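# Observations on the model geometry
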Amino acid sequence: MKIFIITVAVVILYSFTIVFSQDYRQAQINSYRLKYVCEELSATGASFFDREEYSEGYTDFDTGGGIEAIKNQLTSLLSVDSSMTSATNSYWSKNIEYKVYFYDDSGTLKVYTNGSPDREEAFTYGDLHKDDWTPYNTVISDPTVVVTINAGPGRFRLKFLDPLPDIIRSSSHEWEER
């Protein structure tokens with residue numbers, strides 16, 4: 001009987017270990033995927049700029065076009081619908097939230113939350129970007145677009161792991177002066 005109890009205990013412990021390992025690996029893969037999406041979206045937002053201002057030597061971002069392109073890419077890259085609700089085949093369980101920060105030669109920081117204007121602030125090059133959701137900080141030295149995505153907690157099957165922290169990733173794309 002002693003051998004049977006030990007065997008059952010080892011099987012249960014092994015089952016918990018396997019389930020946690022698979023869930024953790026899936027969360028890690030999707031966190032890397034979210035990082036890739038942030039990098040792509042920041043580059044997308046930086047590719048929309050005012051061509052007249054650019055011909056005069058200034059980089060002013062077209063925030064309307066950039067936000068629209070970011071929203072379109074976000075829905076396809078993360079398997080969410082237009083209201084940022086996760087699709088049935090998506091890993092994410094909650095609504096996805098995102099913030100976009102536009103730093104350009106106009107000297108005005110424009111922040112958008114979920115595609116809507118949030119705030120505008122004056123800045124100068126050399127200021128430190130402080131993300132609202134993460135400890136991500138970077139010095140703004142050139143026109144930059146920063147994208148931060150909060151995808152909610154990962155999906156873990158072991159319920160004693162609740163509450164789980166949200167998976168939040170951030171990335172920036174910078175126009176370098178040459």
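Before going into details, it helps to say that this report is about the structure given with it. Being a predicted model, the structure only gives us computed values, none of them experimental.

Rules of the game
- Residues numbered from 1 in each chain as written.
- Predicted model: local features only at pLDDT ≥ 70, side-chain atom pairs only at ≥ 80, totals over all residues.
- Heavy atoms only, no water.
- Helix = DSSP H or I, 4+ residues; strand = E, 2+ residues; numbered from the N terminus.
- Rg over C-alpha atoms; globule rule 2.2 N^0.38 Å.
- Contact = heavy atoms within 4.5 Å.
- Areas by Shrake-Rupley, 256 points an atom, 1.4 Å probe, with all protein chains shown as cover.
- Lys, Arg positive; Asp, Glu negative; His and termini not counted.
- Charge placed at Lys NZ, Arg CZ, Asp CG, Glu CD.
- Patch = residues over 30% accessible without salt bridge, like charges linked within 9 Å, V, L, I, M, F, W, Y side chains within 5 Å.
- Salt bridge = Lys/Arg side-chain N within 4 Å of Asp/Glu carboxyl O.
- Core = buried A, V, L, I, M, F, W, Y, C linked by side-chain atoms within 4.5 Å.
- Buried < 20%, exposed > 50% of the residue type's maximum accessible area, 1.4 Å probe, protein only.
- Pairing = 2+ DSSP bridges.
- Axes fitted to C-alpha atoms, helices over the stretch in contact; angles between N-to-C directions.
- Expected span 1.5 Å × (residues − 1).

## As for the overall build of the chain
For the chain, the count of helices and strands is three helices and seven strands. Reading the helices (α) and strands (β) of the chain from amino to carboxyl end gives α-α-α-β-β-β-β-β-β-β. Relative to the globule expectation of 16 Å for 178 residues, the C-alpha radius of gyration of the chain, 21 Å, shows a markedly less compact shape. Partitioning the intrachain contacts of the chain with sequence separation of at least 6 by distance along the chain shows that 56% fall at a separation of at least 24. Approximately 10,300 Å² of the chain is accessible, and the part contributed by carbon and sulfur atoms is 54%. Of the side-chain charges in the chain, 16 are positive and 26 negative, and the distance between the mean point of each set is 16 Å.

## Looking at a negative patch on the surface
A cluster of acidic residues, Asp50, Glu52, Glu56 and Asp62, forms a negative patch on the protein surface. Tracing the chain through its elements places Asp50 in the loop between helix H1 (2-46) and helix H2 (51-55).

## Brief notes about the nonpolar core
Judged by nonpolar contacts, the single largest core of 28 residues is most densely connected at Leu74, Leu78, Trp92, Val100 and Ile149. Put simply, the parts of the chain that give this core at least two residues each are H1, helix H3 (63-77), strand E1 (97-103) and strand E6 (144-153). Element by element, the count of residues in this core is highest for H1, at six residues. Apart from residues no more than four positions distant in its own chain, Trp92 is found in contact with Asn30, Leu34, Leu78, Ser86, Ala151, Arg155 and Ile167. Of all hydrophobic cores here, the second largest spans seven residues; its members include Tyr101, Tyr103, Val111 and Phe123.

## Section: the sheet that holds strand E7 (residues 166-174)
In any sheet, the strands associate via hydrogen bonds between backbone groups, in a parallel or an antiparallel arrangement. Strand order in the open sheet formed by five strands is E3-E2-E1-E6-E7, and the pairing between neighbours is antiparallel. Single-partner strands in this sheet number two, and they are strand E3 (116-122) and E7. Averaged over all neighbouring strand pairs, the angle between strand axes comes to 15°, with direction disregarded. As defined by bridge partners, strand E2 (residues 108-113) adjoins E3 across six bridges and the pair is classed as antiparallel. When the sheet's bridge partners are listed, Lys110 is paired in E3 with Glu120. Each of E1, E6 and E7 is contacted by H1, which is oriented at about 30° to E7, the strand it contacts most. Lying over the sheet, H3 contacts E1, E2 and E6, oriented at roughly 150° with respect to E1.

## Section: H3
For H3, built from 15 residues, the straight-helix expectation of 21 Å at 1.5 Å per residue is met to within 8% by its first-to-last C-alpha distance of 20 Å. Among all positions of H3, only Thr63, Gly65, Gly66, Ile67, Ala69, Ile70 and Leu74 are buried. Taken together, the buried residues of H3 touch H1, E1, E2 and E6. Directly beyond the C-terminal end of H3, a positive phi value near 55° is found at Ser79.

Function cannot be inferred from these measures alone, as they are strictly geometric.
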